[in-house]
Every structure is written in structure tokens, then in C-alpha cells.
Amino acid sequence: MPRVSSDHLQARRRQILDGSRACFARHGYEGATVRRLEEATGLSRGAIFHHFKDKESLFLALAEDDAERMADVVAQQGLVQVMRDLLSDPHGRQGSVPGAEWLGTRLEVSRRLRTDAEFRSRWAQRSEQLTAATRERLRRQRRSGNLRDDVDVDVLTAYLELVLEGLVSHLAMGFPADDLDPVLDLVEESVRRHRNG
């Protein structure tokens, strides 16, 4: 039996994640049946579940993939930049943040967090990556004197995450986003250190 290269396995995994993201966004978690996942990925259930133990593991892998991409942006440019990228590239074509399909999936995550304690526990492990990247970025900004020093970094992290969640909900519900850049300017300004004079 020939061995499959790691590049081939990675490409297959990416194919499954990309197709599944569209399927979950379109049909929700419950509606993303195995048949629909097969259609969206172009692969058999055997191929899909060779890479992922079950549907929940696949869904969580999507969340982890998105968190990694966003954490990379946060580490370099901050969480507000993630929000700006969501506004400027809503379909995720530039690759720095997930696209519109992710927004639908993110709403599905919110629903499951509310109703499924086991999912909430597994999700917490994956979402911590983005929180940690945000916290570290803010600490670096504080050390360099660019971040306000009258508010704890953990409070600022929670504040920025709440703004992100609000923006995600706004976009996922299809509300207009044309006038939100000044709002993000205000958010960014609110965490900066202001020097007298």
C-alpha cells in the first residue's frame, strides 16, 4: 500500500475544513448532515472522518483554524485590526481573517455555547488562543508606553473581545458595515495612552 505524503494529507484536511465551513454556515450545526458535508467537501464520509473523529471535532477544528489565523493578526497588529479586516475583507479573500461563511459558523458557535455544556468546555480550550494573543499584544503595547495604564490588561482584553463579538453579530445579521470604521477608530483610541501636552 503506497504511503500518502504529509502534504497530501494537509491538502485533504484543508479541503475538508473549507467545504465544511461553507456547509456549517449555510445549514447550521444540526443541518450540516453527513450527506451535506460530503457534498460540500466533495469527499466521502470515510475520507472526512478519517481526518476528524466526528462532526463536533470537525466543527471545533474549524474554530481552532479560525482562531489561529486571527491570533496571528492579533500578535502583529492587534485585535482592532482583526475587526478592520472583517470590515474591509468580508469574504476572507485576503486570508488574514475568516470570511462571511465564518460569520454564520460563529453564530452557530454562540448558539451551541448557550445550550451545550460539553461543547462550551471544549470551545473554551480553543478560544483561549485568541484571548492569550490579545492579552500578550496589550502587554507589549503597555511596556512600550502606547497603552493606557489606568485599566488592567485583562479588563481591556475583555472589552476588545466584547466589541469583536458585537461586530461579528452585526455583520452576521447582515446589517450595513459601511459606517463602522469611525467606531473602530473610537475603540482603538479608547485603549491608547494619552500623554499630557
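Look above for the structure.
Here's what I pulled together on the structure shown here. Treat the numbers as computed from the prediction; the structure is a model and nothing was measured. Every chain begins its residue count from 1, and numbering advances along the sequence as written. Selection of residues for local features in this predicted model requires a pLDDT of at least 70, selection of side-chain atom pairs for listing and counting requires 80 or more, and totals for whole chains, interfaces and linings are taken over all residues. To obtain the side-chain values, all non-hydrogen atoms of the structure were used and water was disregarded.

Concerning the environment of E30
Consideration 1: The topology assignment puts E30 in helix α1 (residues 6-31).
Consideration 2: Each residue is placed in one exposure class: buried if its accessible area under a 1.4 Å probe, protein chains only, is under 20% of its type's maximum, exposed if it is over 50%, and partly exposed if it falls in between. By relative accessible area, which is 57% here, E30 ends up exposed.
Consideration 3: Once the C-alpha coordinates of E30 and K55 are considered, the two residues, 25 residues apart in sequence, prove to be 9.8 Å apart.
Consideration 4: We call two residues contacting when some pair of their heavy atoms lies within 4.5 Å. Each residue touching E30, except ones within four places of it in the same chain, is listed here: K55, E108 and R111. Under the DSSP-based scheme used, a helix requires at least four consecutive residues in state H or I and a strand at least two consecutive residues in state E, with every element numbered from the N terminus.

Considering the nonpolar core
Grouped burial of nonpolar side chains is what soluble globular proteins tend to show.
Consideration 1: Residues L79, V82, M83, L130, L160, L164 and L167 are the most contacted members of the largest nonpolar core, which totals 26 residues.
Consideration 2: Counting only elements with at least two residues in this core, the list comes to α4 (55-77), α5 (79-88), α7 (117-143), α8 (153-172) and α9 (181-191).
Consideration 3: Tallying contributions element by element places α8 first for this core, with seven residues.
Consideration 4: Setting aside residues up to four positions removed in sequence, L164 forms contacts with M70, L79, V82, M83, L86 and L130.
Consideration 5: Side-chain atoms within 4.5 Å are what join buried Ala, Val, Leu, Ile, Met, Phe, Trp, Tyr and Cys residues into a set we call a nonpolar core. In this structure, C23, Y29, V109 and L113 belong to the second largest nonpolar core, which totals 21 residues.

Structural notes on the side chain of R84
Consideration 1: Along the chain, the position of R84 falls in helix α5.
Consideration 2: Taking relative accessible area as the criterion, R84 reaches 16% and is therefore assigned buried.
Consideration 3: Residues contacting R84, with those up to four places away along its chain left out, are D181, L184, D185 and E188.

So, the pattern of salt bridges
Consideration 1: Each reported salt bridge corresponds to a side-chain nitrogen of Lys or Arg within 4 Å of a carboxyl oxygen of Asp or Glu. Scanning the model with the defined rule gives 16 salt bridges in all.
Consideration 2: Two residues, R45 and E38, come together in a salt bridge whose shortest N-O distance is 3.6 Å.
Consideration 3: Using a relative accessible area of 47% as the deciding quantity, one classes R45 as partly exposed.
Consideration 4: Residue classification places E38 among the partly exposed residues on the basis of a relative accessible area of 21%.
Consideration 5: A salt bridge links D150 to R148, with the shortest nitrogen-to-oxygen separation between them at 2.8 Å.
Consideration 6: On the basis of relative accessibility, which here comes to 26%, the residue R148 falls in the partly exposed class.
Consideration 7: Several salt bridges share partner residues, and in doing so they unite R84, D181, D185, E188, E189 and R192 into one network.

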